[in-house]
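# Summary of structural features
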Amino acid sequence: MTVTALCHGEGCRGGHDRRRASAGTRLCRQCRDHFAAGVAELAHLYEECGRMLGGGAPGSLRERTTGGDLPGLPFNAAAADVRARIVSVLGSWSGLVAQQRGLTPPPRTAGALTAFLLRHTDWLAAHSAAAEASEETARLVRAGRRAAFPDPARTIRLGACPRPDCAGALDFAARAGERAGGLVIVCDADPAHRWTSDRWGELSDSMGSARPTGTVGAPATERWLAGADIARLWQVPMGTVYRLASEERWRRRNRAGRTYYNENDVRSCFSRRAPRR
């Protein structure tokens, strides 16, 4: 099997700074890891889209993570379509692997198909169809996120503004499908106090010292973040969020069928990982 020198992954195709493929594969390390994370995320998106199929009265989806339960959602045809596509796409690539490697195909469920493909990610990364697998998976992940989290805007209250003598609080407007680098964290008291979301890692470390005078030692308000918002704020794939939540045993709570993770656990985890990143 002839392997080209430049990466053909979804993250490199068409770019001016394409990375070199890893030895023996058609994908660079970053695109290979992004492909694997996307496959892993599809299983979770399948479940999230399933929650969208239940009944519920339509309503505004604006929320604050410290607020009450989220309203239910009406039946969503887009979510049903994405679920069918997830099984179809995962089944197609699993069939290719099974046929060409002489293996027994896995059961046709999102979980079983995902687990099978993750065991053969490196083989697929070296296959002549690696570019198509990478691109199709990334495209389906984006469609799954739009279907599973269709709210046009969720305003997330992150905590006190760290600017000196500012009594405001930071809000993060998360829009489905929007690129993380363009999202902005803004102070509700002074719009001039703003940061792009890619600076959240460093910004979050300074927020502990932003309490008003006289509150030193007071317990911090617990905040709970959805997985999609963690991925946007810390610039990681959703598959990484789910993996770390399990490995690091983040505290969690469920609201209206969605899982939210304790922000202190999340922040501590990514602070420890910062030197490696």
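All chains use their own residue numbering, which begins from 1 and follows the written sequence. Where totals are concerned, whole chains, interfaces and linings use all residues; where local detail is concerned, this predicted model gives features only for residues with pLDDT of at least 70, and gives and counts side-chain atom pairs only at 80 or more. Think of the side-chain values as coming from all heavy atoms in the structure, minus any hydrogens and water.

### A look at the sheet that holds strand β5 (residues 224–226)
Formally: Should DSSP find at least two bridges between two strands, the strands are regarded as paired. Strands are runs of DSSP state E lasting at least two residues, helices are runs of H or I lasting at least four, and both sets are numbered from the N terminus onward. Fitting a line to C-alpha atoms yields each axis, with helices limited to the stretch in contact; the angle taken between N-to-C directions then spans 0 to 180 degrees.
Spatially, the 3 strands line up as an open sheet ordered β5-β7-β6, and their pairing is antiparallel. Two strands lie at the open edges of the sheet, namely β5 and β6 (252–255), each paired on one side alone. The mean inter-strand angle of the sheet, taken between neighbouring strand axes irrespective of direction, is 40°. Pairing analysis gives 4 bridges linking β6 to strand β7 (residues 258–262), with the strands arranged antiparallel. Bridging from a neighbouring strand, Arg253 pairs with Tyr260 of β7.

### A short note on the packing of helix α1 (residues 29–51) against helix α3 (residues 110–119)
For the record, the criterion: In what follows, roughly perpendicular refers to angles from 65 to 115 degrees, roughly parallel to angles under 35, roughly antiparallel to angles over 145, and oblique to any angle outside these ranges. Contact criterion: two residues are considered in contact whenever any of their non-hydrogen atoms come within 4.5 Å of each other. Note on residue classes: Ala, Val, Leu, Ile, Met, Phe, Trp, Tyr, Cys and Pro are nonpolar, Asp, Glu, Lys and Arg are charged, and everything else, Gly too, is polar.
The geometry of α1 relative to α3 is characterised by a closest axis approach of 9 Å and an angle of 170° between their N-to-C directions. With respect to α3, the axis of α1 lies roughly antiparallel. Contact with α1, carried on its side by Ala36, Val39, Ala40, Ala43 and Tyr46, involves Ala110, Thr114, Leu117 and Leu118 of α3 and no other residues of that element. Partitioned by chemical class, the residues of the contact of α1 with α3 number 8 nonpolar, 1 polar and no charged.

### Looking at the nonpolar core
Condition: Joining through side-chain atoms within 4.5 Å is the link that ties buried Ala, Val, Leu, Ile, Met, Phe, Trp, Tyr and Cys residues into a set, and such a set is a nonpolar core. Partly exposed residues are those whose accessible area sits between 20% and 50% of the maximum for their type, while under 20% is buried and over 50% is exposed, using a 1.4 Å probe and protein chains only.
Counting residues in hydrophobic clusters, the biggest one holds 57 residues, and the most contacted among them are Ile230 and Trp250. Of the residues forming this core, the biggest block, 10 residues, is contributed by helix α2 (residues 77–101). Setting aside chain neighbours within four positions, we find Trp250 in contact with Ile230, Val241, Leu244, Ala245, Tyr261, Asp265, Val266, Cys269 and Phe270. The next biggest cluster of nonpolar side chains, apart from the first, holds 7 residues, and it includes Cys12, Cys31, Ala125 and Ala130.

### Quick word on the pattern of salt bridges
As a reminder, the rule being used: Between Lys or Arg on one side and Asp or Glu on the other, a salt bridge is scored when a side-chain nitrogen of the former is within 4 Å of a carboxyl oxygen of the latter.
Applying the stated criterion across every chain yields a total of 11 salt bridges. One salt bridge connects Arg29 with Asp33, and the closest N-O pair in it is separated by 3.6 Å. Residue Arg29 and its partner Asp33 are located together in helix α1, separated by 4 residues, close to a single helical turn. Arg272 is paired through a salt bridge with Glu248; the nearest N and O atoms lie 2.5 Å apart. Residue Arg272 is found in helix α9 (residues 263–273), and its partner Glu248 is found in the loop between α8 (238–247) and β6; the two are separated by 24 residues along the sequence.

### Some words on the packing of aromatic side chains
Geometry of an aromatic ring pair is reported as the spacing of the ring centres plus the angle between the planes. Put simply, the test is: In this scheme Phe, Tyr and Trp rings, the latter by its six-membered ring, pair at centre separations within 6.5 Å, and the angle between planes marks the pair as stacked below 30 degrees, edge-to-face above 60, and tilted otherwise. A positively charged side chain is recorded as over a ring if its NZ (Lys) or CZ (Arg) lies within 6 Å of the ring centre. The angle to the ring normal must also be within 35 degrees.
Enumeration according to the criterion identifies 3 aromatic pairs in this entry. A ring pair is formed by Trp250 and Tyr261, whose centres lie 5.6 Å apart and whose planes are at 75°; its orientation type is edge-to-face. Placement of the pair is Trp250 in the loop between α8 and β6 and Tyr261 in strand β7, with a sequence separation of 11 residues. The interplanar angle of 50° and the centroid separation of 6.3 Å between the aromatic rings of Trp250 and Phe270 together place this pair among those described as tilted. Of this pair, Trp250 sits in the loop between α8 and β6 while Phe270 sits in helix α9, placing them 20 residues apart in sequence. Judged by its relative accessible area of 3%, Trp250 is buried. Overall, Phe270 belongs to the buried group, its relative accessible area being 3%. Through a chain of ring-to-ring contacts, three or more aromatic side chains come together here, namely Trp234, Trp250, Tyr261 and Phe270. When the ring centre of Tyr46 is taken as reference, the NZ or CZ atom of Arg83 above it lies at 3.9 Å.

### What to know about helix α7 (residues 227–234)
For α7, a buried count of 8 out of 8 residues is recorded, marking the element as mostly surrounded by other parts of the structure. Restricting attention to buried positions, one finds in α7 the residues Gly227, Ala228, Asp229, Ile230, Ala231, Arg232, Leu233 and Trp234. Of the residues trailing α7, Gln235 is marked for its positive phi of about 60°.

### Quick word on the packing of α1 against α2
Just so we agree on the cut-off: In a left-handed crossing the near helix is turned counterclockwise from the far helix by less than a right angle, and in a right-handed crossing that turn is clockwise.
With their axes 9 Å apart at the nearest point, α1 and α2 run at an angle of 150° to one another. It follows from the interaxial angle that α1 and α2 lie roughly antiparallel. Our pair here, α1 against α2, has a crossing hand that is left-handed. Every residue of α2 that contacts α1 at Val39, Leu42, Leu45, Tyr46, Cys49 and Gly50 is listed here: Ala79, Val82, Arg83, Ile86, Val87 and Leu90. Along the lines of polarity and charge, the residues of the contact of α1 with α2 split into 10 nonpolar, 1 polar and 1 charged.

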